[in-house]
Each structure stands twice: as structure tokens, then as C-alpha cells.
Amino acid sequence: MAKSDGGIHILQGLLVFGNVVIGMCGIALTAECIFFVSDPSGLYPLLEATENDDIYAAAWIGIFVGFALFALSILGIIGVIKSNRTLLLVYIILMLITYAFEMASCITAATHRDFLTPNLFMKQMLEMYMKSETDNNNDKWMTEGVTKTWDKLMLRNQCCGVQGPSDWQEYTSAFRATHSDADFPWPHNCCVMDARGSPVNLDGCKLGVPGYYNSNGCYDAISGPMNTHAWSVAWFGFAILCWTFCVLLGTMFYWSKIEY
Amino acid sequence: TYTPTLASPTLGGQITASTFVLEQPRCVFGEEHSDAVIWLVVAVPEAVPKFNNSVEPGSPERTFQNFPATAPAYLTLNTTLLGYPCPKPPGDITVLRVGAETSCAGDKTRPTCNGPLPGPGPYRVKFLALRDTEPVGETAWSDPITLRRARPPGSVPTTGSGRSAGMIALTSILSILFAVLLASLVALLFFWGSDTHIGSSTFSKPEPVSVRRYNTHHVYDQPAARL
């Protein structure tokens, strides 16, 4: 089939359009990943303490990939319009490298999201919240991070423990080692607080009277932001990669049609 | 006769590792006990059959700090009948938290301390009315109350939750796409290498609208030769 000028122009137009979309998506990916890396929900110390913070690594990769996509899309537009074989070959190879990095980011975000289960956070909370003897500086840093994050979480979301206050009763914990069961069946941050930040009725809280303590668990408040983070990075990246796949195939086809 | 019962299970702290919550004995002791002191007796189940009501509260056999080693029972939470007014106002939570006082738990000068229970039990309780150490009224013994036993945090099962379907789909689709791209690139370079001579890498067209020279292998019509 003869390649008429019209056909080539249509292909050129499509490739330019495809690269424009890639450029815009690259900027969007960078912005989204910067948003997640900035940790708006304040949950990073929990992940840091699990030593499994790869959904953040995935977001970091996403920032640089997004920027690379934007730059390469400009290169691609220039290459297509000028029909330059060298430029287009450079574009294709660099795009494939970027593709590989973005693939790593998506798969990392999706895989590591699956590791973040309620039991993981419960075990971490029991072992680290208010731990008094720390082994070394790193342990101290992570313990302080976990303690501050849980205190903030329980106050802000009016929740207690991972599944509920019974977590503190069913298991011994580092908290229990320094706070007696009779005075602190659960941390005082689980109590309903008044405007000044002290419990409305401490005895009611210790008794477990509904209305004076928070009987719901914090897992929803943790998993919500983390799911959003991981799935956004993974699926938006996946969408970009599917589109990029089509554009790259088209570019390779266009490249093969340039002859000198 | 009245049997002491645990408070409603809607209370989250009904039973903890060292405390438990009882219903107050409202409308159990009548006006004849208005000048008596009503005590709560906490005992190990073995002490129940031969329990002697006349032993004075706070004596060495009834000291909280010696419980349960040398004192098989102790008395605590003493109050007069005014502490348990009858009838009970509906909607009020009338409970006694056994084990709430931590400040006197080690203080032997406070032998009737309502201190935290030393182990998971079981324990049996009853209420005893004493007028000048003479027993004038009592309730039945409760059923054995066993406290919570907490497990160590290492027993939390943290085996992986397995792979979610979304992650498997994402990984496989992306891998296939990447493989196709790599294969296309290899085919492209192979096609390029074998087809045209590796020569001019400089681009030559002056005008942006590209003029194509048709590859003679793929000509079906004979276009006008252009240069």
C-alpha cells in the first residue's frame, strides 16, 4: 500500500498529539508524586519504622519519571516534525529507559501496598508505642516517630488502637511495661477530650463507658491515605505507560518509514 | 439472696488484666443495716468454703498487700448504706471498679486498699455488712471471675496477606507491554541494519514539510521521481 503524503501527515499529527498528552501526563505525575512525598497525612514515620517504605520510593521515582516524560515528549515532537532519524532513535531509546523506571515504580507501589496489613501496624504499635528503653539512636528515632504519629492519629481521628481499644488488653506491649493496666487500660489519648485537651471523664474512660472513650479502631484512618497513595501512583503510572506504549509503537513505525 | 454480678458487657473495661467492674449492691441491704459498714470481700475460690466472716478487715489474714500469698482474701471498698441509695435512678451507671487504686497497692499501712489484682485469678467476691467487726449481713458468693490474660505482641500473626488481583494484573500487563516494545526495537534495528546502508546520519531536508523518497522495495505505483 502506497504511503501517501496524507497518511504520513496523519501519522505525524497523531504522534505529535500523543507526545503532547505524554508531556502533560508527565507533569501531572510529577505533581501527584510530589504531593504524596510531602506526606499530607503524616503517616510516614509508621512506614519508616516498618522498614518497608517502598511506596514512598515509588513516588520519588515517579517525580523524576514525570519530568523525564515531559522532556522526552518535547524531544519527540521535534523529532517527528523534523523527521530526524537520529533524534527519533534517541527518543525511542530514552523513552524505553524511562518506561522501565516507571514500570518499576508502579509495580513497587502495588506490591508494597499489599504488605501493609492491620496486623503489621498492630504489632508495630504494640512493640514501639511509648517504648522506654531503646537500643540505639535509630531505634530511638523510629520509636519517637511511631509514638508521636499514634498520638496525633488517636487525637485527630478519635480512634484507639488498630482494631479497637481491645488491642491494648489482648496483648502486652511496650506501653504496658511503663503504664499499669489499672491506671491505663488503654492510652489516655483514647479518651474523649474536651476543648483543652484533657479527658472529659477519666474514670469513665478507664471504665470503658461508651461516649467517654473512643471504641473504634484507627485502621481506616491509616489505610485510607496509604491506599490512595499507592493505588494512585500505581494506576496512574499504568495508564501513562499504556498510552506511551501506543505512542512508542507508532514512533517506531514512523521511524521505519523515514528513508534516506 | 443476692449474688454479686459483673457490670454490663457494654463497658469496654468490664474485665481487664488487673481490674474488674461489679454492679453496686443497690436495694440489697435494708434499713436495718443503716448503721453497718458494707465491705467487698475478694477471695481466691479455695478460701470460700471455710471463710470466716468475723476476721477483722485489715488484719494480717485480710491484708490486700499479702493477697493471695498469706492472705486468702481481703476486704475493701467499705461504705455505709448511704453509698448505695435505693432505689437506683434509671439510666445511672452504678458500678464498682475493683482494682482501681494504684497509689496504695504497695503501702502496708493501707491494708484495705482497692489495689490492682495480682493475677488473672479466678476470684470470687461477696458483700459483707459489719457492725463493729460483727457480721450482720452478707450476700452470696459470686461465680468465679477470671481476668484477661494478655498475649505477647510477638504472637500477632504477620504473614503476608498475599497478592491482590490488581497488583498481579498490573505487573503482568506492564511486563508484556515492555517485552513487546523491546522486541519491536530489536526488530526495528535489525530491519534498519539489514535494509539500508549505514551511512548518512545527517539530516538533509531544508524545509519542515518532509519530502519522501519512496523505498524502491515497496513501490506499487510508479510515482513521479522527485528530488
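Residues numbered from 1 in each chain as written. Chains lettered and ligands numbered in written order. Predicted model: local features only at pLDDT ≥ 70, side-chain atom pairs only at ≥ 80, totals over all residues. Heavy atoms only, no water.

You'll find chain B entered in an unreviewed UniProt entry as UPK3L protein, with Pterocles burchelli given as the organism.

Looking up chain A in an unreviewed UniProt entry gives the name Tetraspanin, with the organism given as Pterocles burchelli.

Draft legend 1. The packing of helix H4 (residues 85–113) of chain A against helix H10 (residues 219–257) of chain A, seen in detail. All names here are of chain A. Where H4 meets H10, the closest approach of the two axes is 9 Å, and the angle between their N-to-C directions is 155°. On the basis of their axis angle, the class for H4 and H10 is roughly antiparallel. Of the two possible hands of crossing, H4 and H10 adopt the one that is left-handed. A per-class count over the contact of H4 with H10 returns 25 nonpolar, seven polar and three charged. (Axes fitted to C-alpha atoms, helices over the stretch in contact; angles between N-to-C directions. Helix = DSSP H or I, 4+ residues; strand = E, 2+ residues; numbered from the N terminus. Parallel < 35°, antiparallel > 145°, perpendicular 65-115°, else oblique. Left-handed = near helix turned anticlockwise from the far one by under 90°. Nonpolar A, V, L, I, M, F, W, Y, C, P; charged D, E, K, R; others polar.)

Draft legend 2. Spatial organisation of the packing of helix H3 (residues 54–82) of chain A against H4(A). Residues and elements named next belong to chain A. In contact at an axis separation of 9 Å, H3 and H4 are set at 160° when each is read in the N-to-C sense. Taken together, H3 and H4 sit at an angle that is classed as roughly antiparallel. You can see that H3 and H4 cross each other, and the crossing is left-handed. Counted by class, the contact of H3 with H4 contains 18 nonpolar, seven polar and three charged residues.

Draft legend 3. Just the domain arrangement of chain A, in detail. Residues and elements named next belong to chain A. The domain boundaries assigned to chain A delineate domain 1 (1–116 + 226–257) and domain 2 (118–217). Once you take the C-alpha centre of each, domain 1 and domain 2 turn out to be 42 Å apart. Contact residues are listed per partner, giving 12 residues for domain 1 and 15 residues for domain 2. Approximately 1100 Å² of surface area, both sides summed, lies buried where domain 1 meets domain 2, with 67% of it carried by carbon and sulfur atoms. For domain 1, the biggest contributors to the area lost against domain 2 are Leu46, Ala49 and Leu116; these three give 43% of the whole. Where domain 1 packs against domain 2, one counts three residue pairs in polar contact (both at pLDDT 80 or more). (Domains from an automatic or database assignment. Contact = heavy atoms within 4.5 Å. Buried area = accessible area lost by both parts, 1.4 Å probe. Polar contact = N/O pair within 3.5 Å; in protein donor to acceptor, adjacent residues only side chain to side chain.)

Draft legend 4. Highlighting the state of the cysteines. All names here are of chain A. Per the stated rule, a full pass over the model turns up five disulfides over all chains. A sulfur-sulfur distance of 1.9 Å marks the disulfide that ties cysteine 191 to cysteine 205. Taking the sign of the torsion about the S-S bond as the criterion, the disulfide between cysteine 191 and cysteine 205, at about -80°, is left-handed. A residue pair is termed long-range when its members are at least 10 positions apart, and cysteine 191 in the loop between helix H8 (174–178) and helix H9 (202–207) and cysteine 205 in helix H9 qualify at 14 residues. Both residues of the pair, cysteine 191 and cysteine 205, count as buried. (Disulfide = S-S within 2.5 Å. Buried < 20%, exposed > 50% of the residue type's maximum accessible area, 1.4 Å probe, protein only.)

Draft legend 5. Structural context of the sheet that holds strand E3 (residues 73–80) of chain B. All names here are of chain B. Strand order in the open sheet formed by four strands is E3-E2-E5-E6, with antiparallel pairing between adjacent strands. The outermost strands of the open sheet, each flanked by one partner alone, are E3 and strand E6 (134–138). Going across the sheet, the axis of each strand differs from the next one's by a mean of 35°, ignoring polarity. In this structure, strand E5 (residues 124–131) lies alongside E6, joined through four bridges in antiparallel fashion. Each bridged residue has a counterpart across the sheet, and for arginine 131 the counterpart in E6 is glutamate 134. (Pairing = 2+ DSSP bridges.)

Draft legend 6. Spotlight on the confidence of the model for chain A. Here chain A averages 91 in pLDDT, while 98% of its residues score no lower than 70. Within chain A, helix H2 (residues 44–50) of chain A has the poorest average pLDDT of any element, 89, and H3(A) the best, 94. (pLDDT = per-residue confidence, 0-100.)

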